[in-house]
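Architecture at a glance
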Amino acid sequence: MSMRELVVLGTASQAPTRQRNHNGYVLRWDDEVILFDPGEGSQRQLLHTTVTATDLTRICVTHFHGDHCLGLPGTIQRLSLDRVAHPVAVHFPAGGAEYFARLRYATSFYETAELRVEPIEADGQQIALRCGTLEARRLRHPIETYGYRLVEPDGHRMLPEKLAAYGIAGPAVGELIRVGHLDVDGRRVTRAEVSVPRPGQRFAFVMDTGLCDGVYALAEHADLLVIESTFLESEAALAAEVGHLTAAQAARVATESGVRRLVLTHFSQRYPDPRRFHDEASAHFDGDLIIAEDLTTVQLPPRRVASGE
Ligand SMILES: [Zn+2]
């Protein structure tokens, strides 16, 4: 069973607090280990987790406000310090290329690691990964901002007892999956007869935005949605003005989008008691609700059961 989980490095917006580091998240998903929005201190937060800089395969930045990217210089230099041998892809809004260039070479260092710099040029840009498709969607914030989602395609789970009943084994199984049918002793066996659908899993990461189409496009049927809830409804007008979400808005998005596990994060330091986010969101969402805490791990929920299984 491959590992799919979210490691939370930090949960504070704008400025860290004594309890909360700047933003930062790692998604482990099969052979991908993706660092999202490394805020200041992300390199040291990693030390408190089971993830090392060497594990990272990819970095995704939503936008170039400090709480989402000031951890880039340390993290990037660490890749070279640790002589990471594999290339690490980096995605960020193309309009922020100048900020990225500065952060990448913020100080002098001996560069050995290979960064594959692949900026996001347009809404809906897709990046093909071995484990699925990484897609960027434009969000609504004062500067160019993209959220991300990772979508695993739907597949099939072969049923060994059915295969055995038809006497199908070895390379014939692969052919049946590829072609969709197989002729056995003069009878055509279809893939549907010996398998059940295996719904793909989805992860979505929505950071720093007012409500917009991109939010819903990313959240749609997410098994795990990580979404900013900077404010509470008492500050709804301020949230709308500065391009942020409230806990109630984020929870309603999750409900309307069929999200299974909801992680709220990116909290304003004006609210010392995280229970207020839980109380507000739980009135609008009755799935799994997690108010993110630094240095915790959130598992992807078990795969959806396909209808008919
Ligand atoms: Zn932010």
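Refer to the structure printed above.
The text that follows walks through the structure, step by step, so that each part is easy to find. (Residues numbered from 1 in each chain as written. Predicted model: local features only at pLDDT ≥ 70, side-chain atom pairs only at ≥ 80, totals over all residues. Heavy atoms only, no water.)

Take unusual backbone geometry next. You will see that His266, though not glycine, has its phi angle at about 65°, which is positive. Within the fold, His266 resides in the loop between strand 16 (261-265) and helix 9 (275-282). Classification of His266 as buried rests on a relative accessible area of 1%. Positive phi outside glycine occurs at Leu295, with the angle close to 60°. Mapped onto the secondary structure, Leu295 falls in the loop between strand 17 (288-291) and strand 18 (297-299). For Leu295, a relative accessible area of 37% corresponds to the partly exposed category. (Helix = DSSP H or I, 4+ residues; strand = E, 2+ residues; numbered from the N terminus. Buried < 20%, exposed > 50% of the residue type's maximum accessible area, 1.4 Å probe, protein only.)

The buried count for strand 15 (residues 224-228) comes to 5 of 5 residues, which makes it a mostly enclosed element. Neither face of strand 15 is exposed, since Leu224, Val226 and Glu228 on one face and Leu225 and Ile227 on the opposite face are all buried. Bridging between strand 14 (residues 202-206) and strand 15 involves 4 bridges; their strand directions are parallel. Its bridge partner lying in strand 15, Phe203 is registered against Leu224. Read from strand 14 through helix 6 (residues 213-219) to strand 15, the crossover connection turns out right-handed. (Pairing = 2+ DSSP bridges. Right-handed = clockwise from strand over helix to strand, strands pointing away.)

Let's shift gears to the nonpolar core. Note that soluble globular proteins tend to have their nonpolar side chains buried in a common cluster. Ranked by internal contacts, the top residues of the largest apolar core, which has 29 residues, are Leu225, Ile227, Val259, Leu262 and Leu264. Where this core is concerned, the elements lending two or more residues are strand 14, helix 6, strand 15, helix 8 (247-256), strand 16, helix 9 and strand 17. Ranked by residue count, the leading element in this core is helix 8, at 5 residues. Residues contacting Leu225, with those up to four places away along its chain left out, are Ala204, Val206, Ala219, Ala254, Val259, Arg261, Leu262 and Val263. Judged by nonpolar contacts, the second largest core, of 26 residues, contains Tyr25, Leu134, Ala292 and Leu300. (Core = buried A, V, L, I, M, F, W, Y, C linked by side-chain atoms within 4.5 Å. Contact = heavy atoms within 4.5 Å.)

Moving on, we get to the side chain of Glu152. Tracing the sequence through the fold places Glu152 in the loop between strand 9 (146-151) and strand 10 (155-158). The class for Glu152 is buried, based on a relative accessible area of 7%. Here Arg4 takes part through its side chain, which lies 3.0 Å from a polar atom of the side chain of Glu152. Within the local environment of Glu152, its side chain forms a polar contact with the side chain of Arg303, the two groups lying 3.0 Å apart. (Polar contact = N/O pair within 3.5 Å; in protein donor to acceptor, adjacent residues only side chain to side chain.)

We now examine the sheet that holds strand 5 (residues 88-91). Overall, mixed pairing links the 7 strands, which are arranged 6-5-4-3-2-1-18 in an open sheet. The open sheet has two free edges, formed respectively by strand 6 (115-117) and strand 18, since each of these has just one partner strand. Neighbour to neighbour, the strand axes of the sheet diverge by 20° on average, direction disregarded. Both strand 5 and strand 6 contribute to a ladder of 3 bridges, which runs parallel. Its bridge partner being in strand 6, Val90 is matched across the sheet by Val117. (Axes fitted to C-alpha atoms, helices over the stretch in contact; angles between N-to-C directions.)

These results come straight from atomic positions and should not be treated as a statement about function.
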